[in-house]
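# Working through the structure, step by step
Spelled out from the first residue to the last, the chains are:
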Amino acid sequence: MTTSEEKIIEATNKLYSRLTDSLKRNTPSTNGWTALMDMEYHRYIEAKSLEKFEEEFSTTFLHPYNQVGGTVNCICGKSHITRITVMTFPNYGQHWRYILLGSECIESSKEFCKDLEGVEELYNKLSMWSDTCKEEKKKYTHNKCIACNEYSVKKNYEFKNEARKLWCKKCCYAGRVKCTNCDTMRVFMKDYKGNPMRLCYSCYKN
């Protein structure tokens, strides 16, 4: 028995098997893996309730199987309401055009494909979704650094270094912060009102 066959057998009782079985039943695709290849990433949403989800995304054109029992589920049938990925799908004339995938299903499917031969294109697609979800997740847990503009400053965190409330690790170290205009590192200071100075002296003067 080949490694690929062993992995497929091993998958029968796991999350990604439920996902592909459900996709086969609930989409026009011939099998679950084909359905995944047909999907395109649309957006990532974190919501702790159905009401919060509907505030961010209309369920009008959502696949019916994603809406069971008054909640929003991953297409595999399990509830992933806090970390959900909205995918577009060629609906072939159906009244729905969006499918929801839980981040757990994306990660599990990616790991499943990692060592399989012949599914490199699918693995690359799942990896891209996984990376995108991780970046989008930061928007819920981090604020933007005022210097580099990346989501890299933790929200609701008590920093001992006051500058770290606005600047990330890369832009703030050894008592120095990066100027938000010219990127020069300079000593962290406050203005006469007690607010952190975002510009270096040269940029402030000009």
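Residues numbered from 1 in each chain as written. Predicted model: local features only at pLDDT ≥ 70, side-chain atom pairs only at ≥ 80, totals over all residues. Heavy atoms only, no water.

The next thing to look at is the overall build of the chain. Each helix and strand in the chain was counted, giving 7 helices and 10 strands. Taken over the C-alpha atoms alone, the chain extends approximately 65 × 40 × 30 Å along its principal axes. For the chain, the proportion of its 206 residues judged to be buried stands at 37%. Of all intrachain contacts in the chain linking residues separated by at least 6 positions in sequence, the fraction that spans at least 24 positions is 47%. Accessible surface, the chain: about 12200 Å² in total, of which carbon and sulfur atoms supply 48%. (Helix = DSSP H or I, 4+ residues; strand = E, 2+ residues; numbered from the N terminus. Buried < 20%, exposed > 50% of the residue type's maximum accessible area, 1.4 Å probe, protein only. Contact = heavy atoms within 4.5 Å. Areas by Shrake-Rupley, 256 points an atom, 1.4 Å probe, with all protein chains shown as cover.)

What follows deals with the sheet that holds strand β4 (residues 84–88). Strands sit in the order β1-β4-β5 across an open sheet of 3 strands; the sheet is antiparallel. Here the strands that pair on one side only, and so sit at the sheet edges, are β1 (40–45) and β5 (98–102). Strand-to-strand twist in this sheet, taken as the mean axis angle between neighbours without regard to direction, amounts to 30°. Strand direction decides the pairing type here: β1 and β4, joined by 5 bridges, are antiparallel. Opposite Ile-45, over in β4, you have Ile-84 as the bridge partner. Contacts from helix α5 (residues 103–113) reach β4 and β5 within the one sheet, and its direction differs from that of β5 by about 70°. Helix α6 (residues 120–141) rests against β1, β4 and β5 of the sheet, and its axis sits at about 25° to β1. (Pairing = 2+ DSSP bridges. Axes fitted to C-alpha atoms, helices over the stretch in contact; angles between N-to-C directions.)

This brings us to the sheet that holds strand β10 (residues 185–187). Adjacent strands of a sheet pair through backbone hydrogen bonds, lying either parallel or antiparallel. Pairing in this open sheet of 3 strands is antiparallel, and the strands run β8-β9-β10 from one edge to the other. In the strand order of this sheet, the two ends are held by β8 (172–173) and β10, each with one partner. Sheet topology note: the β8/strand β9 (residues 176–178) ladder contains 2 bridges and is antiparallel. Residue Tyr-173 lies in a different strand from β9, and its bridge partner there is Arg-176.

Take the confidence of the model for the chain next. With 91% of its residues at a pLDDT of 70 or more, the chain shows a mean pLDDT of 84. Here helix α1 (residues 3–10) is the element of the chain with the lowest mean pLDDT, 54, and β9 is the one with the highest, 95. (pLDDT = per-residue confidence, 0-100.)

Before going further, it helps to examine α6. Working note: α-helix, 3.6 residues per turn, so residues spaced by three or four point in the same direction. For α6, with 22 residues, the first-to-last C-alpha span of 32 Å sits near the 32 Å given by 1.5 Å per residue. Within α6 the residues assigned to the buried category are Leu-122, Lys-125, Leu-126, Ser-127, Trp-129, Ser-130 and Cys-133. Summarising the contacts, the buried residues of α6 are in contact with α3 (32–38), β1, β4, β5 and α5. (Expected span 1.5 Å × (residues − 1).)

This part is about unusual backbone geometry. Most of the time, phi is negative for any residue but glycine, and the peptide bond is trans. Although it is not a glycine, Asn-156 sits at a positive phi angle of roughly 50°. Checked against the element boundaries, Asn-156 lands in the loop between β7 (151–154) and β8. A positive phi angle, close to 55°, is found at Ala-174, a residue other than glycine.

For the structure on display, the rule yields 6 aromatic pairs. Ring centres of Tyr-44 and Tyr-140 lie 6.1 Å apart, and the angle between their planes is 70°; this geometry places the pair in the edge-to-face category. Taken together, the residues Tyr-44 in strand β1 and Tyr-140 in helix α6 connect sequence positions 96 residues apart. Tyr-44 gets classed as buried once you look at its relative accessible area, which sits at 4%. For Tyr-140, a relative accessible area of 30% gives the class partly exposed. Among the aromatic side chains, those forming a connected cluster through ring pairs are Phe-53, Phe-57 and Tyr-98. Between Arg-97 and the ring centre of Phe-61, over which it is positioned, the NZ or CZ distance is 4.0 Å. When the ring centre of Tyr-157 is taken as origin, the NZ or CZ atom of Lys-154, which lies over that ring, is 5.1 Å away. (Phe/Tyr/Trp six-rings, centres within 6.5 Å; stacked < 30°, edge-to-face > 60°. Lys NZ or Arg CZ within 6 Å of the ring centre and 35° of its normal.)

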